[in-house]
Amino acid sequence: MTLEFAVAAALFAGVVAYALFGGADFGSGFHDLTAGGARRGAPLRTLIDHSIGPVWEANHVWLIYVMVMWWTGFPESFAAAMTTLYVPFVLALVGIVLRGASFAFRKYSETLWQAKLFGVVFATSSVLAPFFLGTIVGALASGRVPAGGDGDPWSSWINPTALFTGVISVGTCAFLAATFLTADAARRGETALAARLRIRSLVVGLGTGIVVFAGLIPIEHDAPTFWDGLTGRAAPVMALSALGGIATLVLLWRGRFGPARLSAVVAVAAVMAGWGIGQYPWVLVDQVSIAEGAGATATLQGLLVAVGIAAVIVGPALAYLFYLTQSPEWNGEARGGVQAGEGAGSGASHWSGRLGS
């Protein structure tokens, strides 16, 4: 293993982590957006608030990690991507900022209409941010980012590969979030809500699976280098993703929500791995390879040392945070909120309390 490849692998591990943790976070916004009116959607929105509240900021640590690793380890490709794809990068950043601010403001709104306004901003930006991040992935994979960074600021990401990748990004986030939320609702004893989310998960999962494989059709002609990688060395990983998705749907259908979470993680992680393997050995497809775009040797060595230190210090802290959110004490507190089949007025959530306003 070369030093450049080791740094690229560490970088891509962060991309996968952000797709899983940040993806489930973004996907919750899709379900918030489609939850229904204030009364009907209150149980689901309360569950979303409780599920992502302790971890939504921690999830975006991975984005910071990815950006720092990219601009430090592969600076020329980072500069090229930023000067070509500044439009989707800015739109994704605006979505992330608006999403975080509105999620916080919604909790402290004094009236129902204010909560609705911030809720709409939160939900809409939760869909737009992963879409634009997905178009960036598609632009890189389709070879539309030249090494000199003078690519077209619009056609570079408004094309079949990039747009399909954006839609797939939204769909996989929604699928992952639905599976996680279903398990959370069932674990907290909210059986009626878990049943609703189970149907949502099945519908979103089927829809996303169709879009994923339909998206392969234009890639063959629009991104031939990437297509060769997907159908060649990445084919086993893509097959694993399909099996993981099918297994998740079967487990959801049978009410095995805990194992369904694990298989959903496998499915989404395999999709991301398929992208990375399919694009290898390019940082910018058809333009800059990993070896060509890597920074100075001392810089790469320093990055690996920093990654090792972070894995020892930050990794256990994040793992403990996620463990606490799954603990019986945390879930016991949640059951004091909206209960299964009881309408929005039954809980102590901010949504329930405002319905009479």
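Residues numbered from 1 in each chain as written. Predicted model: local features only at pLDDT ≥ 70, side-chain atom pairs only at ≥ 80, totals over all residues. Heavy atoms only, no water.

Details of the overall build of the protein
Helices and strands together make up the secondary structure of the protein, namely 17 helices and two strands. Relative to the globule expectation of 21 Å for 357 residues, the C-alpha radius of gyration of the protein, 21 Å, shows essentially globular dimensions. When the backbone C-alpha atoms are referred to their principal axes, the protein occupies close to 60 × 40 × 35 Å. Sorting the 357 residues of the protein into buried and exposed places 52% on the buried side. A total accessible area of about 15,400 Å² is found for the protein, and carbon and sulfur atoms account for 71% of it. (Helix = DSSP H or I, 4+ residues; strand = E, 2+ residues; numbered from the N terminus. Rg over C-alpha atoms; globule rule 2.2 N^0.38 Å. Buried < 20%, exposed > 50% of the residue type's maximum accessible area, 1.4 Å probe, protein only. Areas by Shrake-Rupley, 256 points an atom, 1.4 Å probe, with all protein chains shown as cover.)

Section: the packing of aromatic side chains
Counted according to the given criterion, the structure contains 14 aromatic pairs. Aromatic pair Phe21 and Phe322: ring centres 5.0 Å apart, planes at 25°, arrangement stacked. Here the residue Phe21 occupies a position in helix α1 (residues 3-33), and Phe322 occupies one in helix α15 (residues 297-325), the gap between them amounting to 301 residues. Members of the aromatic cluster, joined through ring pairs, are Phe21, Trp62, Tyr65 and Phe322. Here the guanidinium or amino end of Arg198 rests over the ring plane of Trp253, the centre of that ring lying 5.2 Å away. (Phe/Tyr/Trp six-rings, centres within 6.5 Å; stacked < 30°, edge-to-face > 60°. Lys NZ or Arg CZ within 6 Å of the ring centre and 35° of its normal.)

Description of unusual backbone geometry
A cis amide bond links Tyr280 to the next residue, Pro281, at an omega of 10°. Mapped onto the fold, Pro281 is located in the loop between α13 (257-279) and β1 (282-284). Of note in this structure, Asp286 is not a glycine but carries a positive phi near 65°. One can find Asp286 in the loop between β1 and β2 (288-289).

Some points on the packing of helix α8 (residues 160-187) against helix α9 (residues 191-214)
In contact at an axis separation of 8 Å, α8 and α9 are set at 155° when each is read in the N-to-C sense. Considering their axes alone, α8 and α9 lie roughly antiparallel with respect to each other. With respect to the hand of their crossing, α8 and α9 are arranged in left-handed fashion. In terms of residue class, the contact of α8 with α9 is made up of 16 nonpolar, seven polar and one charged. (Axes fitted to C-alpha atoms, helices over the stretch in contact; angles between N-to-C directions. Parallel < 35°, antiparallel > 145°, perpendicular 65-115°, else oblique. Left-handed = near helix turned anticlockwise from the far one by under 90°. Nonpolar A, V, L, I, M, F, W, Y, C, P; charged D, E, K, R; others polar.)

Observations regarding helix α6 (residues 86-107)
With 22 residues, α6 should cover 32 Å at 1.5 Å per step; its first-to-last C-alpha distance of 32 Å lies within 8% of that length. For α6, the full list of buried residues reads Val87, Pro88, Phe89, Ala92, Gly95, Ile96, Arg99, Gly100, Ser102, Phe103 and Arg106. (Expected span 1.5 Å × (residues − 1).)

A closer look at the environment of Trp157
Looking at where Trp157 falls in the secondary structure, it is placed in the loop between α7 (112-141) and α8. For Trp157, a relative accessible area of 7% corresponds to the buried category. As a C-alpha pair, Trp157 and Ile246 span 89 residues in sequence and 30 Å in three-dimensional space. If sequence neighbours within four positions are ignored, Trp157 has contacts with Leu85, Val87, Pro88, Phe132, Thr135, Ala139, Ala162 and Leu163. For Trp157, the side chain forms a polar contact with the main-chain oxygen of Pro153, separated by 2.8 Å. (Contact = heavy atoms within 4.5 Å. Polar contact = N/O pair within 3.5 Å; in protein donor to acceptor, adjacent residues only side chain to side chain.)

Regarding α8
With 28 residues, α8 extends 41 Å between its outermost C-alpha atoms, agreeing within 8% with the 40 Å of an ideal straight helix rising 1.5 Å per residue. Judged by how many residues are buried, α8 sits mostly within the fold: 22 of 28 residues are covered. Where α8 terminates, the next one or two residues include Gly189, which has phi positive at roughly 80°.

Quick notes on the confidence of the model for the protein
Counting all residues, the mean pLDDT for the protein is 88, and 91% of those residues have values of 70 or more. Taken together, the stretch residues 337-349 has pLDDT below 50 and engages in 30 contacts with residues farther than four places along the chain or on a different chain. (pLDDT = per-residue confidence, 0-100.)

Here's the deal with the nonpolar core
Residues Met69, Trp70, Phe74, Leu85 and Leu140 are the most contacted members of the largest nonpolar core, which totals 68 residues. Considering each element in turn, this core owes the most residues, 11 residues, to α1. In contact with Phe74, other than residues within four places in its own chain, are Glu4, Val7, Ala8, Leu11, Met69, Val283, Ile290, Gly293 and Ala294. Within the second largest apolar cluster, 13 residues are counted, among which are Ala35, Leu181, Ala194 and Leu197. (Core = buried A, V, L, I, M, F, W, Y, C linked by side-chain atoms within 4.5 Å.)

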